[in-house]
Structures are given as C-alpha cells and as structure tokens.
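Descriptive analysis of the structure
Below, each chain spelled out in residue letters.
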Amino acid sequence: MFELPEFVTLAHQANASLTGKVILKGSLGNSPHKFVWYNRGHEEFADLTAGKTVGPARAQGKWLFIPLEPGYVLLLGECGGRLIYHPPGATLPSKYHLWLSFDDGSVLTALTQMWGAYELYEAGQEMQRQYVKDMRPTPLDPEFTFDYFARLISEAVSGARRSTKGLLTQEQLIPGLGNAIAQDIMFRAALHPRHPISELSQAQQQRLYGSILDTTLAVIAGGGRNDEYDLYGQPGRYVRLMDSRAVGQPCPSCGAAIEKIQYLGGSCYLCPDCQV
Ligand SMILES: [Zn+2]
C-alpha cells in the first residue's frame, strides 16, 4: 500500500506529466472490487470529468488530490497497487478501477490492491471527507515540530496503553505513515515495536521524532519504496532496512540476526539487540 512518500512521488510525477491535459473520457472501474470506494455512478463520473483540465496535484497523508478544472477534485486515497501514466501509443491494461484518457492520446489508469478510494468532489468538498477533514499534521507539515510530537505522545497515552508501533500506525495519529515505513523508523530510533510510548524518555522521544523525519525524507528522495510502483510503472529506489528479506540477516548496526514478530495486525522486522 502507498504511504506518504509514495503519494508525494506520485504528486510530483503527476505535475510533470498530467497537469494541463484535457480529459476526453473518464471511467470508473471495469473490474468490480468490493473494497474500492466510489462516490459517483459510472455515467455521472463520465459526465463530470469530460472536458476538464488537470490542475496541480498535491499529496497529504495517504491522499492524492488532483484538481479537475474547473470545479472538481479527484481524490485518490488509502490505496496501493498501480497508478500509471501511459504515454500516447502505450499498451493499456485490460483491468482498471479508474481511467482517464486525455486529448493528446495519453491515459491514466489506476488499479488498487487491497482497497482504496477513487472519488470525485466539487472543489472544496474533498476537504470534508472523513479522514481528510481534521487530519492531524503529517511529518511534512511545518506544524509537525518536536513540541507538537511530544504533545501528541501525551495525548495518545491518555486512556490507552499505546506502543511505539501503535503510535506510528494506528488511527492516523501521524497521517501518511504505515506498517512499511514504520519498520525502518523504529529501527533508526532503536525502539522495539512494543515499547510503550508512556515510557519513552525525552531522548527516545527526540530520536523517534528525528527518525520519522529522516526516514520519510529518505523514502521520498528514493522516489518511494522499491516494492511499490511510481506513475511510470517503475519501482521506487528506497530499499527498506527492515523487511521480510532482512529476516535472519545481520543487523546493519550490530550484526545480530534480524527477527520477525507478529504484532498489531502485521509483521514487524527488528533487531533484537538494538531495538529496546
Ligand atoms: Zn542491531
């Protein structure tokens, strides 16, 4: 599934390759999927998108906002799989959950993996959508300061016993992070996924905060993770330190064998010696 760095990469690439194009035809999927969320009927989507011009895209959390001007915003979110730009003449996929063909013969298609939202809003209404409305600051926002992070920890502790992995992956406390990037964040911060955040020292809080920023920026610099694809169908260049391939391999810091555990609804990969 795409996380914040992949959405940022897709937004940059959409701005390079889609902005200014005029839509000839927009279609919702031809491949029924129980967990694809649409907010428009097929005909309505086609009517509303025809003739619109693609505006400047942006990413926020796990959402990609693509203005279709005048008056609409295409909102793609909480999704994974493929969002692919096909230049004129390219071979097109037979299955898709979203299709936009443009006046120059190019096409944008999307096919999600597990679930995902492909929704079209009147401009402004997209900010009222559940999970977009009231979104907390993401690691890329200027408001995401260490003071804010320390307050978030205090708030997330009250009434709930929450672990480091829980802080990074649950309830969009830090929008845009997910189980994939969380592994490297915890490794760089030398924190075990189960480490209760109520017991983090000031130094550990600072290390975790720094690791969130460093890791997010490193994945963006790599154009996303290498197990996800960009707008041109190319894998990202960021290779995770802690993933299934690391199990049994020596820790890059201390040489201990990397372990895999199941925790909070997913696999965690960690160094049993470095991460406490
Ligand atoms: Zn280690």
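The rules we used
Residues numbered from 1 in each chain as written. Predicted model: local features only at pLDDT ≥ 70, side-chain atom pairs only at ≥ 80, totals over all residues. Heavy atoms only, no water. Helix = DSSP H or I, 4+ residues; strand = E, 2+ residues; numbered from the N terminus. Buried < 20%, exposed > 50% of the residue type's maximum accessible area, 1.4 Å probe, protein only. Contact = heavy atoms within 4.5 Å. Donors = N, O, S within 2.8 Å, 3.2 Å for Na, K, Ca; no water. Tetrahedral: all angles 85-135°; square planar, octahedral: opposite > 155°, others 65-115°. 1 Å grid on protein atoms, 1.4 Å probe; cavity = no way out; pocket = protein on both sides within 12 Å on 5 of 7 lines; lining within 4 Å. Points joined across faces, edges and corners; volume = space filled by probe spheres on them. Nonpolar A, V, L, I, M, F, W, Y, C, P; charged D, E, K, R; others polar.

By the element assignment, Gly224 lies in the loop between helix H6 (202–221) and strand E11 (259–262). Look at Gly224 and you get buried, because its relative accessible area is 1%. Sequence separation of Gly224 and Val8 is 216 residues, and the distance between their C-alpha atoms is 8.4 Å. Excluding residues that lie within four positions of it along the chain, Gly224 makes contacts with Glu6, Thr9, Val219, Gly236, Arg237 and Tyr238.

Glancing now at the coordination of the zinc ion. Ligation of the zinc ion by protein atoms is provided by Cys251 (SG), Cys254 (SG), Cys271 (SG) and Cys274 (SG), these donors lying 2.2 to 2.4 Å from the ion. For the zinc ion, the four donor atoms in the first shell make angles of 103 to 114° at the metal, a pattern classed as tetrahedral. Counting gaps between the donor residues of the zinc ion yields the pattern C-x2-C-x16-C-x2-C. Using a relative accessible area of 0% as the deciding quantity, one classes Cys271 as buried. Exposure remark for Cys274: the relative accessible area of 22% places this residue in the partly exposed category.

Following the criterion strictly, the structure yields two cavities of 30 Å³ or more and no others. Estimated volume of the largest cavity: approximately 40 Å³. If you go around the largest cavity, the residues you meet are Phe2, Phe7, Leu10, Leu64, Leu76, Cys79, Gly80, Arg82, Leu83, Ala110 and Tyr118. For the lining of the largest cavity, the elements supplying multiple residues, two or more each, are helix H1 (4–17) and strand E7 (82–86). Considered class by class, the residues forming the lining of the largest cavity number nine nonpolar, one polar and one charged. When its volume is computed, the second largest cavity comes out at roughly 30 Å³. Considering the residues around the second largest cavity, the lining is formed by Glu6, Thr9, Leu10, Gly223, Gly224, Arg225, Glu228, Tyr229, Asp230 and Gly236. Among the residues making up the lining of the second largest cavity, the classes are represented as two nonpolar, four polar and four charged.

Read these as spatial facts, not as claims about activity.
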